[in-house]
There are 2 protein chains.
Amino acid sequence: MPDLAQGITHVDVLVVGAGPAGLVAAHALTQAGSKVRIIDIRPTSVVAGQADGIMPRTIEVFQSYGLAESLFKQANRVNMVAFYNTREEGGISKTQSLPVIDEKTARYPFLLTLNQGAIENIFIDALAERGVFVDRPVHPASLVLSTDEAELQDHSAHPVTAILERLQTAGGDRNSTETVHAKFIIGADGEANWQAQIPGLCVTIYLTLPSSDHVWGAIDFTTTPEVNFPDWRKICTINAANTTLLLIPREQDKLRIYVDLGLEDGLIDPATGRVATQSIDAKKLLEISRIGLQPFVIPPAEIEWWTCYIIGRRVATRFSVNERAFIVGDACHTHSPKAGQGMNVSMNDAHNLAWKLAYVLRGCADMALLKTYEFERRKFAQQLIDFDKWYESGFSAKNRSELLKNKGKSAASIPEAFREFSGLTSGVGIQYEPSIITAASKSPSQQLMIGRRLPPQIVLRAADSTPIEIQDTCPSDTRFKIIIFTGDLNQLSQQNLLTSFARIIAEESSLLSKYGSKVLDFITVMKGTKETVDYLKIPGFLRSNYRKHVPLFYSCFIEGGKVYEAYGICTEGAAVVVRPDGYIAKMTMLDEGDKIIDYFSHFLNF
Amino acid sequence: MPDLAQGITHVDVLVVGAGPAGLVAAHALTQAGSKVRIIDIRPTSVVAGQADGIMPRTIEVFQSYGLAESLFKQANRVNMVAFYNTREEGGISKTQSLPVIDEKTARYPFLLTLNQGAIENIFIDALAERGVFVDRPVHPASLVLSTDEAELQDHSAHPVTAILERLQTAGGDRNSTETVHAKFIIGADGEANWQAQIPGLCVTIYLTLPSSDHVWGAIDFTTTPEVNFPDWRKICTINAANTTLLLIPREQDKLRIYVDLGLEDGLIDPATGRVATQSIDAKKLLEISRIGLQPFVIPPAEIEWWTCYIIGRRVATRFSVNERAFIVGDACHTHSPKAGQGMNVSMNDAHNLAWKLAYVLRGCADMALLKTYEFERRKFAQQLIDFDKWYESGFSAKNRSELLKNKGKSAASIPEAFREFSGLTSGVGIQYEPSIITAASKSPSQQLMIGRRLPPQIVLRAADSTPIEIQDTCPSDTRFKIIIFTGDLNQLSQQNLLTSFARIIAEESSLLSKYGSKVLDFITVMKGTKETVDYLKIPGFLRSNYRKHVPLFYSCFIEGGKVYEAYGICTEGAAVVVRPDGYIAKMTMLDEGDKIIDYFSHFLNF
């Protein structure tokens, strides 16, 4: 790892922690042109174990950064979930199996599993291509956030002063320190000890709910057994008499078993509050799993990794101090592993925050934009906690005897929970509430919902009729996308509507002239068939290159692009503003171009 | 380029010519474990121009070798073809546009365009990974094929003796020579001068049809114009008053225009029989194109490459001498560029030949297997010539005035020709006639045709319900695939049928015991739904690893895998033998396992 950091004393953003959340933030900000420093206290990246589930919305986010290909190449695809429950004659049997993702609008109706280290490496490699390297083992020995109000409001100021300490290496070097001045700091290091150093954050860390603490064990097997259990390659939630198990098929035929150890006596060392190391080991976890899986057999298998940890449900009361110090990921929320959410929420925190920071750093937007980060993400974290509670109650230790008595109803409740919260856990149903960046207005579409991510839909590129996923026209390139549904341009009325819309955007406001393609991208979707549509009918400035820009998309009611129907767009067309992170922010009719300008005027400086 | 060839004096196969056909042969044979030497007289691979169209069946073949990904990354996708014709007021107008591929069973319902050099490099890179490099500039200075009948019949003999000459390099080295002994030689060098040196081949080169000679010009533009013609990114066949044009959109926004120059006076130099160099240049080709495209405009553009060449329709009368010297590609057939066939037929010649050579080289099959190469490929080449004649007659110079008079009918005839021959030109309709490797029996399926390639169909992998393309279970790994459609294994009768079929294959013949997975692969397709199917009901030897082998596939009538219906397989199931090159060779009912054994006994030694 080249030590490129020496001599750099001023950065835009200092990211503390190179787990998934920190890496997403560093990568997105670097791609947006910000100067980023990312440090991690660990000497190397994770090599085995840890988090592993990538949910549908997270896959879309990978895709939006151009990183999905690498993910798909390495990850295992999980399509189904099977539910097992105790049976009267002892042991377990299958009660039901379901598609693991039950969301009509999921572009990827499955989840992917891949070890956290491989996921981190996808971002580490992408950062390295841009000359940014994770500096490790380095931690912030001291942090000071200025309290000068003027400095805090000046987007070009560096109110964060960090003394970074390089930890001793094997070579026996003495710890060295350096001072870094940052405009913003992002805490993405989970345990967040450093937060105590920033006044404000230190008193707001956790809303602890100790009653929900659980001890979880996890064992990773290097191969999938070939014996009598038919569902190794599905996710299985197994409600056994002695425990609850969660089976996760992983990449390269690997397999993980989560074991819920509840809060049995002796598991927690009262002195440390952590798992008592002498109380549990891989052998014991395996034994509990073997008993739980009967009559099915776990044959002798090589164990790659195992762990035991306490986890509770917690949400930080604040996600930032003065919009200068932010926390993302496990630093602001934790949950049980059952719903496979941890890494997904964390990465999506960073995805939500990064473009907003980029806008403020560029001077395009006021600091107020940054308030929407906590506003949007804290609410979502709280929803997940609620789900986690409900989901876990279906097979927690204290409910177990009750489940046995009243099997039918309780057993069914787990699949129900799965479906009920599918939008939440898959991530595709996340809805952000109205704010300066998310309009409160009614939608002119029946299907598109303001505050939700743009749902997937195939459109055909007008120039060559190649099918394109409309989400792929909205990459995470920090630009707002204005998708213009033109209607049928063979009708003069639609041509006129489009012309007047274009005039307002292009001429009657300084929006386009000030920012142009730095902040805005236009996607035009015509109504027509691939045999008859003529993209030369679109005004010149709304198209440039047939491949990259605007004239290229049109809906086709014969094949692929039933986009008008799927999105509920009427024949008069519509304009849809999509945020840089892929969420629908505003929708108008084509004769309401002024409302688009008004939307941007609430947070863009023009 | 490392000179690895020194000291190698005995090879399995000497490939002369490293164009697409030679490279496919060398790659397939190397992948099959044969020792290959490949030489080329050109000092470097092609850098621009030349052939460019990859048809649907050829994409499937790339996919079967694991090379489609690289192709898709580089190539341009063409979905539509537009037909232009002269109009009464002068200039041209569009008469129709159609999907360029009109084949229901095409896995890839489009074609790809990519310059020949990039296509060659895909194979050159794949060969390099296996330590095989194209040796250049090297040509065969002399070739001798033994006439000793015993030697020719001994599959382990080296009856080909080649003296290879390394041509002078810039360094001024004198030509060096070496002697190579080969079991087989493949001529893939188009003009095939060396063939004169092999008795037998020298008298069988070409069936010349001089009346079909045409002079074609081609211009490659580096970018696609952004002006008033709407169909630059479609293939356009343009029947203008002054010429006929063929527009081909290419990778990286490039564009090719083919110009049919007919056989006008002065074009051919009577002394050489080649295009008279002073008679034509890029400027003249551009001028002809500009006039032909009116009222549409070709703006000033950078020309990357241009050429002019005579092409006729020819098929060699023989494709081999004693099944020891073979010719493939342009060495045995040439056609006009209009149907975009040249490179496709050439690569598929090599694809057809390679696995047969591998079987003979391994001693698994008799020399007689090799006779099927000419039998299968020469007939196909002849069909293409017939198509080429018919297609060209639609817009040849002598028909042009007639077209003007009787526009409606003649203009329509080109799209008609397109559709009529779609199976042939896309490659997905190729049908091989009965032979020792292609059974003459009736098919128990309504949809699968013996002698045609296995059509695409999505099936779900039983273990994890992941959708898989059934063609991808049949890669070009030189193995025959036996696809066993088991029917519904919840019915005892089907279980019994499957058990008896398995017993015949496994126990009552030496086929499996002699060759096992070296020659055979089994794919089991169950009938059922992903919620209820149990792959543990399949006999043990028909499955091994959930991912690689057999138990993994089953049809699902809910989503994706409507394979029983699509293939017309009855509820009693069926067994389908697929050749190593992907063609259906034999089909039986499950109580006819002996017929499978009988099929293999005609050409395999067991």
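Keep in mind that what you see is a predicted model, and the values were worked out from it rather than measured.

1. A few points about the sheet that holds strand E7 (residues 111-113) of chain B
Residues and elements named next belong to chain B. Read from one edge of the open sheet, three strands run E3-E7-E4, paired in antiparallel fashion. Two strands in the sheet have a free side with no partner beyond their single neighbour: strand E3 (53-54) and strand E4 (76-78). One ladder, built from three bridges, connects E4 with E7; its direction is antiparallel. Residue pairing across strands places Val78 opposite Leu111, the latter belonging to E7.

2. Focus: the environment of A:Pro539
Residues and elements named next belong to chain A. By the secondary structure assignment, Pro539 is in the loop between strand E23 (520-528) and strand E24 (553-556). Here Pro539 falls in the partly exposed class, since 17 other C-beta atoms lie within 10 Å of it. A C-alpha to C-alpha distance of 9.9 Å links Pro539 and Arg503, two positions 36 residues apart in sequence. For Pro539, the contacting residues outside a window of four places in its chain are Leu498, Thr499 and Ala502.

3. Some words on helix H12 (residues 492-506) of chain B
Given a rise of 1.5 Å per residue, 15 residues ought to cover 21 Å, and the 21 Å separating the end C-alpha atoms of H12(B) matches this to within 8%. Turning to H12(B), the residues buried within the fold contact strand E22 (480-487), helix H13 (511-515), strand E25 (574-578) and helix H15 (593-601) of chain B.

4. Examining the packing of helix H1 (residues 20-31) of chain B against helix H4 (residues 116-129) of chain B
Residue and element names in this part refer to chain B. Two numbers describe how H1 lies on H4: the axes approach to 9 Å, and their chain directions differ by 20 degrees. What the angle tells us is that H1 and H4 run roughly parallel. Classified by chirality, the crossing of H4 by H1 is left-handed. Contacts between H1 and H4 pair Pro20, Leu23, Val24, Ala26, His27 and Thr30 from the former with Gln116, Ile119, Glu120, Phe123, Ile124, Ala126 and Leu127 from the latter. Its residues assigned to classes, the contact of H1 with H4 comprises nine nonpolar, three polar and one charged.

5. Some details on helix H2 (residues 56-64) of chain B
Residues and elements named next belong to chain B. When you tally the buried positions in H2, you get nine out of nine residues, the bulk of the element. Within H2, the full set of buried residues consists of Pro56, Arg57, Thr58, Ile59, Glu60, Val61, Phe62, Gln63 and Ser64. In this structure, the buried residues of H2 make contact with E3, helix H3 (68-74), E7, helix H7 (342-361) and helix H11 (422-426). With its phi angle positive at about 75 degrees, Gly66 sits one or two positions after the end of H2.

6. Topic: the relation of the copies chain A and chain B
Least-squares fitting of chain A to chain B yields an RMSD of 0.0 Å, with the transformation described by 0.0 Å of translation along the axis and a rotation of 180 degrees. With respect to symmetry, the two chain copies, as superposed, fit the operation of a two-fold axis. In terms of proximity to the rotation axis, the leading residue of chain A is A:Glu69, whose C-alpha is 5.6 Å off the axis. Most of the interface of chain A is mirrored in chain B, where 100% of its interface residues are also at the interface.

7. Examining unusual backbone geometry
For the peptide bond that leads from A:Gln294 to A:Pro295, omega is 10 degrees, which places it in the cis range. Summarising the element assignment, A:Pro295 is placed in the loop between helix H6 (282-293) and strand E15 (303-311). Residue B:Arg136 is joined to B:Pro137 through a cis peptide bond whose omega torsion reads -10 degrees. Secondary-structure assignment places B:Pro137 in the loop between H4 and strand E8 (138-145). One non-glycine residue with positive phi stands out, namely B:Asn322, at about 55 degrees. Within the secondary structure, B:Asn322 is located in the loop between strand E17 (320-321) and strand E18 (325-327). Residue B:Asn322 is classed as partly exposed on the basis of its C-beta count, with 18 C-beta atoms lying within 10 Å. A positive phi is found at B:Ser465, a non-glycine position, where the angle reads about 65 degrees. Along the chain, the position of B:Ser465 falls in the loop between strand E20 (458-461) and strand E21 (467-469). B:Ser465 sits in the buried class, given 26 other C-beta atoms within 10 Å.

8. Describing the sheet that holds strand E3 (residues 53-54) of chain A
All names here are of chain A. Here three strands make up an open sheet; going across it, the order is E3-E7-E4 and the pairing antiparallel. Unpaired on one side and paired on the other, E3 and strand E4 (76-78) mark the two borders of the sheet. Note: E3 against strand E7 (residues 111-113), two bridges, orientation antiparallel. Across the sheet, the residue bridging to Gly53 is Thr113, located in E7.

9. A few points about the domain arrangement of chain A
Residues and elements named next belong to chain A. Considered domain by domain, chain A is made up of domain 1 (10-74 + 114-208 + 315-390), domain 2 (214-311 + 394-426) and domain 3 (458-601). With eleven residues of domain 1 at the contact, the number on the domain 3 side is nine residues. Secondary structure elements with two or more residues in the side of domain 1 that touches domain 3: helix H2 (56-64) and helix H7 (342-362). When residues of the side of domain 1 that touches domain 3 are assigned to their parent elements, the largest contribution, four residues, is made by H7. Looking at the side of domain 1 that touches domain 3 residue by residue, the class counts come to six nonpolar, four polar and one charged.

10. Section: the packing of helix H1 (residues 20-31) of chain A against H7(A)
Residue and element names in this part refer to chain A. Relative to each other, H1 and H7 sit at 25 degrees, their axes nearing to 8 Å. Classed by the angle they form, the pair H1 and H7 counts as roughly parallel. Crossing hand, H1 versus H7: right-handed. Along the contact surface, H1 presents Pro20, Ala21, Val24, Ala25, Ala28 and Leu29, while H7 presents Met343, Ser346, Met347, Asp349, Ala350, His351, Leu353, Ala354, Trp355, Leu357 and Ala358. Taken together, the residues that form the contact of H1 with H7 break down as 14 nonpolar, two polar and one charged.

11. Side note on the environment of B:Gln382
All names here are of chain B. Following the sequence through the fold, Gln382 ends up in helix H8 (residues 371-393). Overall, Gln382 belongs to the partly exposed group, with 14 C-beta atoms counted inside 10 Å. For the pair Gln382 and His333, spaced 49 residues apart in the sequence, the C-alpha separation amounts to 8.5 Å.

Conventions used here
- Residues numbered from 1 in each chain as written.
- Chains lettered and ligands numbered in written order.
- Predicted model: local features only at pLDDT ≥ 70, side-chain atom pairs only at ≥ 80, totals over all residues.
- Pairing = 2+ DSSP bridges.
- Helix = DSSP H or I, 4+ residues; strand = E, 2+ residues; numbered from the N terminus.
- Buried ≥ 20, exposed ≤ 12 C-beta atoms within 10 Å, placed from the backbone.
- Contact = placed C-beta atoms within 7 Å.
- Expected span 1.5 Å × (residues − 1).
- Axes fitted to C-alpha atoms, helices over the stretch in contact; angles between N-to-C directions.
- Parallel < 35°, antiparallel > 145°, perpendicular 65-115°, else oblique.
- Left-handed = near helix turned anticlockwise from the far one by under 90°.
- Nonpolar A, V, L, I, M, F, W, Y, C, P; charged D, E, K, R; others polar.
- Least-squares fit on C-alpha atoms with pLDDT ≥ 70 in both.
- Domains from an automatic or database assignment.

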